[in-house]
Amino acid sequence: MNTALPTTRADHRVAWLAALAITIHIMESALPSPLPGVKPGLANVVTIVVLCRYGWASAAWVSGLRVLAGSLLVGTFLSPTFVLSLSGAFCALLVLAPAAWMARWAPRWAPGPIGLSVLAAWAHMAGQFWVAYALFVPHEGLFHLLPILLTVSLVFGVASGAVADVVIKRLEAASA
Amino acid sequence: MTRGDYVVLTLCVLALPALFVRYGLPGSVGTQARINVGNAIYAQVPLSRARVMRVPGSLGISEIEIRDGQIRFNSSPCQGQQCVHSGWAKRGGEFIACVPNRVSLSVLGQGAGGDYYDSINF
């Protein structure tokens, strides 16, 4: 009896890219952070590249698999860290959907990798923040951290967007 | 950089000052101070009004001054004078104690999360 699930090329591509994102995610989690609660989010470079090249659905798969498998490997599955990570990724994808559709319907005003990365970074931070406030620390004082965290995530968003931009251009050159 | 990128970045850069104004910085400047004698609250006073208070502790009178949104021990009947040397306190969560006289000052931030320190160890 053949029990193998039929897989498509796209499935394999998602799996490879998710593996790459998970690797970056884990390497990054070993780095010390300048501010508690902030990290560069380098794994999002992969998400942005996938979004620009293969579309939103692939990006959602890669991002979701990264959160799930990354948490299993780091050992944070179902912990508060996981909940925050998941809510951040969810909000980022939510915001990226209309932004990515703009590439098709209003290409003149569509954000490129840098804009997408900044949008994702802010949505990620805002989503995490809201969940942190709603579930873990329902205290007004938490909001004093918001402006600083968003400033840092703007910088990191631009940085990883610039990296994604370079990667996308190289990939286009290589496949042309 | 596409036109959309500039739109996103401009909106973010414009939003940040608004957020800083709305939410302030962590450990923002305190607005009130609480003066304790022993375990009891002696007074809770706004830092906006300049005044000098004479607070009776277990050794004698501690003189406490409030000026320019700050608070300090002006003089103390104690030996070490550490409370006086601590100088001014103004940020939420800052705390000065005159242990011998059992008088302490704590600046209240806007809630515990607005405090400058989340914990202090001695």
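How each quantity is defined
Residues numbered from 1 in each chain as written. Chains lettered and ligands numbered in written order. Predicted model: local features only at pLDDT ≥ 70, side-chain atom pairs only at ≥ 80, totals over all residues. Helix = DSSP H or I, 4+ residues; strand = E, 2+ residues; numbered from the N terminus. Buried ≥ 20, exposed ≤ 12 C-beta atoms within 10 Å, placed from the backbone. Contact = placed C-beta atoms within 7 Å. Pairing = 2+ DSSP bridges. Axes fitted to C-alpha atoms, helices over the stretch in contact; angles between N-to-C directions. Parallel < 35°, antiparallel > 145°, perpendicular 65-115°, else oblique. Left-handed = near helix turned anticlockwise from the far one by under 90°. Nonpolar A, V, L, I, M, F, W, Y, C, P; charged D, E, K, R; others polar. pLDDT = per-residue confidence, 0-100. Expected span 1.5 Å × (residues − 1).

### Considering the overall build of chain B
The helix and strand inventory of chain B stands at 2 helices and 7 strands. Out of the 122 residues in chain B, the part that is buried amounts to 29%. If you take every contact in chain B between residues at least 6 apart in sequence, the share linking residues at least 24 apart comes to 38%.

### Brief notes about the overall build of chain A
Within chain A, the secondary structure is distributed over 6 helices and 0 strands. Along its sequence from the N terminus, chain A presents helices and strands in the succession α-α-α-α-α-α. Counting over 176 residues, chain A shows a buried share of 38%. Taking the contacts inside chain A whose residues are at least 6 apart along the sequence as the reference set, 77% of them involve residues at least 24 apart.

### So, the pairing of strand E2 (residues 40-46) of chain B
All names here are of chain B. With 0 of 7 residues buried, E2 is to be regarded as a mostly surface element. Where strand E1 (residues 32-37) lies against E2, 6 bridges are found, and the strand directions are antiparallel. When the bridges of E2 are listed, Ala-33 appears paired with Val-45. Counted between consecutive antiparallel strands, the loop separating E1 from E2 contains 2 residues, among which Gly-38 sits at a positive phi close to 65°.

### Points about the sheet that holds strand E3 (residues 51-56) of chain B
Residue and element names in this part refer to chain B. The strand order E3-E4-E5 describes an open sheet built from 3 strands, whose pairing is antiparallel. In this open sheet, the two edge strands, each paired with only one partner strand, are E3 and strand E5 (70-75). For this sheet, the mean inter-axis angle between neighbouring strands, taken without regard to orientation, is 30°. Inspection of the sheet shows strand E4 (residues 61-67) paired to E5 by 5 bridges, in the antiparallel sense.

### Considering the sheet that holds E1(B)
Residues and elements named next belong to chain B. With antiparallel pairing, 4 strands are arranged side by side in an open sheet as E2-E1-E7-E6. Pairing within the sheet leaves two strands with one partner each, and these edge strands are E2 and strand E6 (95-98). Along the sheet, successive strands turn relative to each other by an average axial angle of 15°, direction set aside.

### Comments concerning the packing of helix H1 (residues 9-29) of chain A against helix H3 (residues 56-74) of chain A
Residues and elements named next belong to chain A. Where H1 meets H3, the axes come as close as 8 Å, and the angle between the chain directions of the two elements is 45°. Compared by their axis directions, H1 and H3 come out oblique. At the point where H1 passes H3, the crossing takes the right-handed sense. Between H1 and H3, the residues in contact are Ala-10, Val-14, Leu-17, Ala-18, Ala-21, Ile-22, His-25, Ile-26 and Ser-29 and Ser-58, Trp-61, Val-62, Leu-65, Arg-66, Ala-69, Gly-70, Leu-73 and Val-74, respectively. Residues belonging to the contact of H1 with H3 are distributed by class as follows: 13 nonpolar, 4 polar and 1 charged.

### What about the environment of Gln79(B)?
As for its position among the elements, Gln79(B) is in the loop between E5 and helix H2 (82-85). Given 8 C-beta atoms within 10 Å, Gln79(B) falls into the exposed group.

### Observations regarding the confidence of the model for chain B
Per-residue pLDDT for chain B has a mean of 82; in total, 85% of the residues score no lower than 70. Scoring of the predicted complex yields 0.67 for pTM and 0.76 for ipTM.

### A word on the packing of H1(A) against helix H2 (residues 43-54) of chain A
All names here are of chain A. Their axes nearest at 8 Å, the elements H1 and H2 cross at an angle of 155°. One element, H1, and the other, H2, form an angle in the roughly antiparallel class. Mapping the contact onto sequence places Arg-13, Leu-17, Leu-20, Ala-21, Ile-24, His-25 and Glu-28 in H1 and Ala-43, Val-46, Thr-47, Val-50 and Tyr-54 in H2. Among the residues making up the contact of H1 with H2, the classes are represented as 8 nonpolar, 2 polar and 2 charged.

### What about H1(A)?
In a regular helix each residue adds 1.5 Å, so 21 residues correspond to 30 Å; H1(A) covers 30 Å between its end C-alpha atoms and thus fits that length. Against the buried residues of H1(A) lie H2 and H3 of chain A.

### Observations regarding helix H1 (residues 3-23) of chain B
With 21 residues, H1(B) should reach 30 Å at 1.5 Å per residue; the first-to-last C-alpha distance of 30 Å fits that figure. Looking at the buried residues of H1(B), the elements they touch are helix H4 (80-105), helix H5 (113-136) and helix H6 (146-175) of chain A.

### Topic: the pairing of E6(B)
Residues and elements named next belong to chain B. Side chains of E6 alternate between two faces, with Ile-96 and Cys-98 buried and Phe-95 and Ala-97 left unburied. Where E6 meets strand E7 (residues 103-108), 4 bridges bridge the pair, whose relative direction is antiparallel. Within E7, the position partnered with Phe-95 by the bridge is Ser-106. Counted between consecutive antiparallel strands, the loop separating E6 from E7 contains 4 residues, among which Arg-102 sits at a positive phi close to 60°.

### What about unusual backbone geometry?
Residues and elements named next belong to chain B. Notably, Asp-68 is not glycine yet its phi reads approximately 55°, a positive angle. Along the chain, Asp-68 falls in the loop between E4 and E5. Of note in the backbone geometry, Arg-102 takes a positive phi value of approximately 60° without being a glycine. Assignment of secondary structure puts Arg-102 in the loop between E6 and E7. Since 17 C-beta atoms lie within 10 Å of it, Arg-102 is described here as partly exposed.

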